[in-house]
Structure formats: C-alpha cells, structure tokens
Amino acid sequence: MDCNETHALLPEERLIYIITVPLSTSIILANLAIILGIACNRQLHNTPNYFFLSLLVADLCTGVALPFIPLMGLNRELSFSACMLAHVFPNFLFLAFLLNLVLVHYERYICIVRPLHYSRLWMHRSFPLALLAAWVPPLLYASLPSFGWNNWAGSDWDGCCESGGAAGPAAGCVANATACCSYSRVFPNAFIYLEVYGLVLPAILTIAAMVGRVLWITRGQLKDICRLHRSVERSGQASDQEQRLNLRYTRCVVAVSLTFLACWVPYLIYMHVCIGFLISDAKGSSTTHIVLSCTGIGSMAVVPLVLGLANRQYTEPACKLLHKLRDRWGRKALGVEEEVAV
C-alpha cells in the first residue's frame, strides 16, 4: 500500500475542517477587528492595551492554528522534522496564548487590588521583558520534544501505512524517508502530565482565582457604597439606585459565570478525557476526541474576544466602518430602485 493513500483518514480530517474552519474564521476576523480598534485609537496606545494587543496576536495565531491542533491526534505519514513542526508549533501557540491571558488578567487584577502600586508594577517598568516572559518560555518548553524529549526512538509504531491487519510500517514508508507521526510518539507521558498539571491547569486556576477575588472586592465596595448612600439619605430601605447597582453586579456575576462555563469547562472536559485515555491506555472514539478537541480549544480561544468585544473603545472603529458600508450599500440600492422606477 502506498503511503500517499490516506483515504482512511479523510473522514476524520473532513470532520475537523467542518468544525474548525468556521470557528477559526470567526476568531481571526474578530481579533482583526479588535486589533484595528486599538490601532486606530491613539488613546488606547498605552502599556495595558499593549499587553492586551499581545494577547490578541496570540489568539489570532491560535485561530490560524486551530484546524491543525485536532490533526495532532491523528496518525499521519510525515518525516521527523515535519512531524515535530506539526506538533511543536501549535503547542507553542497554545501555551503562548495561555501565558498572555494570565499576564493580562494579572495586570488588571493588580490595577483593582493594589491601585496605588499599579504605576510601579514591574510589567510597566520592563514592558519588553514582560512580553519576552509571555512568549519565550512557551517556545522553550514546546520545543523540548525537538531536542530529544520524545518517543521517536521507541518501539515500532503502526497505524499509518498498514495493509489490512499487518503491523509495522510498510516498505514504501521507509523508502520515502517518512515514518508514522503520532501525538504519543512526539510527546512522552511525562511531558503531557507536566504541561497539563504543571502549566495549563495552574494557569486556569490562577485566572479563576483572580476573577473571583475581583468580584469579591467589588461586592465589598458595593456594600460600602450602599451603606454610605443610606446614611446620607437617612433611610433604612434600599433606594432605586441601590437596586440598580445590585442588579448590575448580579448581571456581572452571571456574565462571568456563563463565560467560564462556556469557554473553560469544554476545554477542561477535553483535557481530562484525554488524560483518562492516556492513563488507561485505551483508544476512545476518534469522532468523540475530534469534537471535544475542536470545541475545547475553540471555546477557550473565545475568552479574549469576550474581553475585547465588551469594551466599546475597542469595537468603535469596526462599528463605524460597518455603518459606512451599510449606508453606502443602502444608497446604492436606493439609486438602483430609482433608476428602475424611471
């Protein structure tokens, strides 16, 4: 059987592209719109927005790499260098995205928790160093398999160029200087455990802890405002303004909770399902794995878009451009109708 005949993988690849291409396109376009909004507004040219811009670039790269991340779970016939590139580069973009997300949350967390020390924050005094800290460590860690921490020289691998039930690579694969490129062949179990439980999960828990702390502080400040308002008004009952403040806070808590459930829970489910398969050494349904990986990675990549689209300053240039295009299209359509009427 020739190695170029990969019709056995076509259904899985088709499913991956069906799920990821629309999601990837939406992520790329939304990131470009927010980046355009920051670039066009000079008032947003400051250090906090530069950190957010770095996050948007990382999210944009993640959107570009989104169709290739689920492909890492498929066995393909690639050379050593191509296999390493196909696995290391998407992993680097994912880790860089996650570290940039932690950096943005930390910067905003310090702004709220310690406003007097905010201007003296090391991230502001050493902005290039902070950016390097967000991009270089993910690159170094993701590149470890390329420098020898892999299972490439392990036992024989099958599943790529098999003919019927025969095990082991076919002769044509060796002749073409290719080999079975597999996720488990590139990433050892220790590497996966360290990344999941030493990097990814602590980062997600850190983000959740910072958001929860900010909501707790906001709740305390809201109670102080309501107490002060009642002392000024000399009324023991809650006024309409207090009810509006409490309602706004409740909406904020609901929005944060729904964002966490929609964006983080699918990825956490996918991550632990993959770890479960890895521990039990069992191969689950490829369709289930593909759907979980596409939805998990895609939903997590939406987090920066939620942060960006919630800020009107970021979306104002894109909205103005859309309004101009809509008005121009409306005038052209009206002109055509008048010509038809004449």
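Bear in mind that the values here come from a model prediction, so they are computed numbers and not experimental data. (Residues numbered from 1 in each chain as written. Predicted model: local features only at pLDDT ≥ 70, side-chain atom pairs only at ≥ 80, totals over all residues. Heavy atoms only, no water.)

> So, the overall build of the protein: which residues are in play, and what are the values?
Helix and strand counts for the protein come out as 13 helices and 2 strands. In the protein, which comprises 342 residues, the share counted as buried stands at 37%. Here the contacts in the protein between residues at least 6 apart in sequence split such that 80% fall between residues at least 24 apart. Here the protein has roughly 19,400 Å² of accessible surface; of this, 64% comes from carbon and sulfur atoms. (Helix = DSSP H or I, 4+ residues; strand = E, 2+ residues; numbered from the N terminus. Buried < 20%, exposed > 50% of the residue type's maximum accessible area, 1.4 Å probe, protein only. Contact = heavy atoms within 4.5 Å. Areas by Shrake-Rupley, 256 points an atom, 1.4 Å probe, with all protein chains shown as cover.)

> Could you give an account of a nonpolar patch on the surface, naming the residues involved and the relevant values?
Together, Trp122, Leu129, Leu132, Val136 and Leu140 make up a nonpolar patch on the protein surface, roughly 470 Å² of accessible area in all. At 4 residues, helix 5 (residues 127-142) tops the list of elements feeding residues into the nonpolar patch. When you line up the elements, leucine 140 lands in helix 5. The class of leucine 140 is exposed, set by a relative accessible area of 55%. (Patch = residues over 30% accessible without salt bridge, like charges linked within 9 Å, V, L, I, M, F, W, Y side chains within 5 Å. Salt bridge = Lys/Arg side-chain N within 4 Å of Asp/Glu carboxyl O.)

> Pulling in residues and values, what's your account of the nonpolar core?
Core analysis: the biggest nonpolar cluster contains 67 residues, and Phe52, Val200, Trp264 and Tyr267 have the highest contact counts within it. Counting residues per element, this core draws most heavily on helix 3 (residues 80-113), at 16 residues. If we ignore the near neighbours within four places in the chain, the residues touching valine 200 are Phe94, Leu95, Leu98, Glu195, Tyr267 and Met271. One finds Ile16, Leu71, Leu74 and Ile290 within the second-largest nonpolar core, a separate group that totals 5 residues. (Core = buried A, V, L, I, M, F, W, Y, C linked by side-chain atoms within 4.5 Å.)

> I'd like a rundown of the packing of helix 2 (residues 47-65) against helix 3, residues and numbers included.
Taken N-terminus to C-terminus, the directions of helix 2 and helix 3 make an angle of 155 degrees; their axes are 9 Å apart at the nearest point. In terms of orientation, helix 2 and helix 3 fall into the roughly antiparallel class. Note that helix 2 runs across helix 3; the crossing there is left-handed. On helix 3, the residues that touch Pro48, Phe51, Phe52, Ser54, Leu55, Ala58, Asp59, Cys61, Thr62 and Ala65 of helix 2 are Leu93, Ala96, Phe97, Asn100, Leu101, Leu103, Val104, Glu107 and Arg108. When the residues that make up the contact of helix 2 with helix 3 are grouped by side-chain class, the tally is 13 nonpolar, 3 polar and 3 charged. (Axes fitted to C-alpha atoms, helices over the stretch in contact; angles between N-to-C directions. Parallel < 35°, antiparallel > 145°, perpendicular 65-115°, else oblique. Left-handed = near helix turned anticlockwise from the far one by under 90°. Nonpolar A, V, L, I, M, F, W, Y, C, P; charged D, E, K, R; others polar.)

> Please give an account of the packing of aromatic side chains that cites residues and values.
Describing an aromatic ring pair means giving the distance of the ring centres and the angle of the ring planes. Under the defined criterion, the tally for this structure stands at 12 aromatic pairs. Linked through ring pairs, Tyr141, Trp149, Tyr183, Phe187 and Phe191 together constitute an aromatic cluster. Cation over ring: arginine 108 sits above phenylalanine 52, and NZ or CZ is 5.1 Å from the ring centre. The positively charged end of arginine 185 is found above the aromatic ring belonging to tryptophan 152, 4.2 Å away from the centroid. (Phe/Tyr/Trp six-rings, centres within 6.5 Å; stacked < 30°, edge-to-face > 60°. Lys NZ or Arg CZ within 6 Å of the ring centre and 35° of its normal.)

So, to be careful, I would describe these as geometric facts and stop short of saying anything about function.
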